[in-house]
Amino acid sequence: MAKPQHQVLVCTNTRPPGNPKGSCGEKGSDALADQLKSMVKSRGLASRVMVQKTSCLKHCSRGITVAVQPDNVWYGGVRPEDLEDVCAHLDGGPPVERLFMPDIPWE
């Protein structure tokens, strides 16, 4: 793989049940990351886009958190039905404004 144009970080961190912050993992982020990787590949974007599962991205209460670099675009509350729009962004389209992480303190 050549140097990717985009690196997509998907938080898959899981906290113990009942943690007040919650976690992306308990919201299904592992499966979401796998689905996004599959979609990137099926759309022919795999040579330009690298999807990585990560530990905590510090926005637990707003998860599932997805960060797109080098665009410095942070998405919050990402669900499987949002991935078509995220893929459009990765394919040169505009960022998905409805998913923008609010400008809040890092948790």
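Summarised in this report is the structure supplied together with it. Not measured: the values here are computed from a predicted model.

### Looking at the overall build of the protein
Piece 1. Counting its regular elements, the protein contains two helices and four strands.
Piece 2. Along the protein, from the amino end to the carboxyl end, the secondary structure elements read β-α-β-β-β-α.
Piece 3. Taken over the C-alpha trace, the protein has a radius of gyration of 13 Å; the compact-globule value for 107 residues is 13 Å, and the two agree within 12%.
Piece 4. By principal-axis analysis of the C-alpha atoms, the protein measures approximately 40 × 25 × 25 Å.
Piece 5. For the protein, buried positions account for 39% of its 107 residues.
Piece 6. Restricting to contacts in the protein with at least 6 residues of sequence separation, those with at least 24 account for 65%.
Piece 7. Of the roughly 5,800 Å² of accessible surface on the protein, a fraction of 51% belongs to carbon and sulfur atoms.

### What to know about the nonpolar core
Piece 1. Counting residues in hydrophobic clusters, the biggest one holds 29 residues, and the most contacted among them are V8, V10, L36, V40, V66, Y75 and L90.
Piece 2. Contributions of two or more residues to this core are made by β1 (6-11), α1 (29-42), β2 (49-54), β3 (66-69), β4 (73-75) and α2 (83-90).
Piece 3. Top contributing element to this core by residue count: α1, with five residues.
Piece 4. Ignoring anything within four residues of it in the chain, the contact list for V66 reads V8, L9, V10, L32, V73, W74, Y75 and V78.

### Overview of the packing of aromatic side chains
Piece 1. As enumerated under the stated definition, the model contains one aromatic pair in all.
Piece 2. Consider the rings of Y75 and F100, whose centres lie 6.3 Å apart with planes at 20°: the pair is stacked. Within this pair, whereas Y75 is found in strand β4, its partner F100 is found in the segment after α2, the two being separated by 25 residues in sequence.
Piece 3. The buried category is assigned to Y75, whose relative accessible area is 0%.

Cut-off values and rules
Residues numbered from 1 in each chain as written. Predicted model: local features only at pLDDT ≥ 70, side-chain atom pairs only at ≥ 80, totals over all residues. Heavy atoms only, no water. Helix = DSSP H or I, 4+ residues; strand = E, 2+ residues; numbered from the N terminus. Rg over C-alpha atoms; globule rule 2.2 N^0.38 Å. Buried < 20%, exposed > 50% of the residue type's maximum accessible area, 1.4 Å probe, protein only. Contact = heavy atoms within 4.5 Å. Areas by Shrake-Rupley, 256 points an atom, 1.4 Å probe, with all protein chains shown as cover. Core = buried A, V, L, I, M, F, W, Y, C linked by side-chain atoms within 4.5 Å. Phe/Tyr/Trp six-rings, centres within 6.5 Å; stacked < 30°, edge-to-face > 60°.

Limitation: the analysis is restricted to geometry and does not speak to function.
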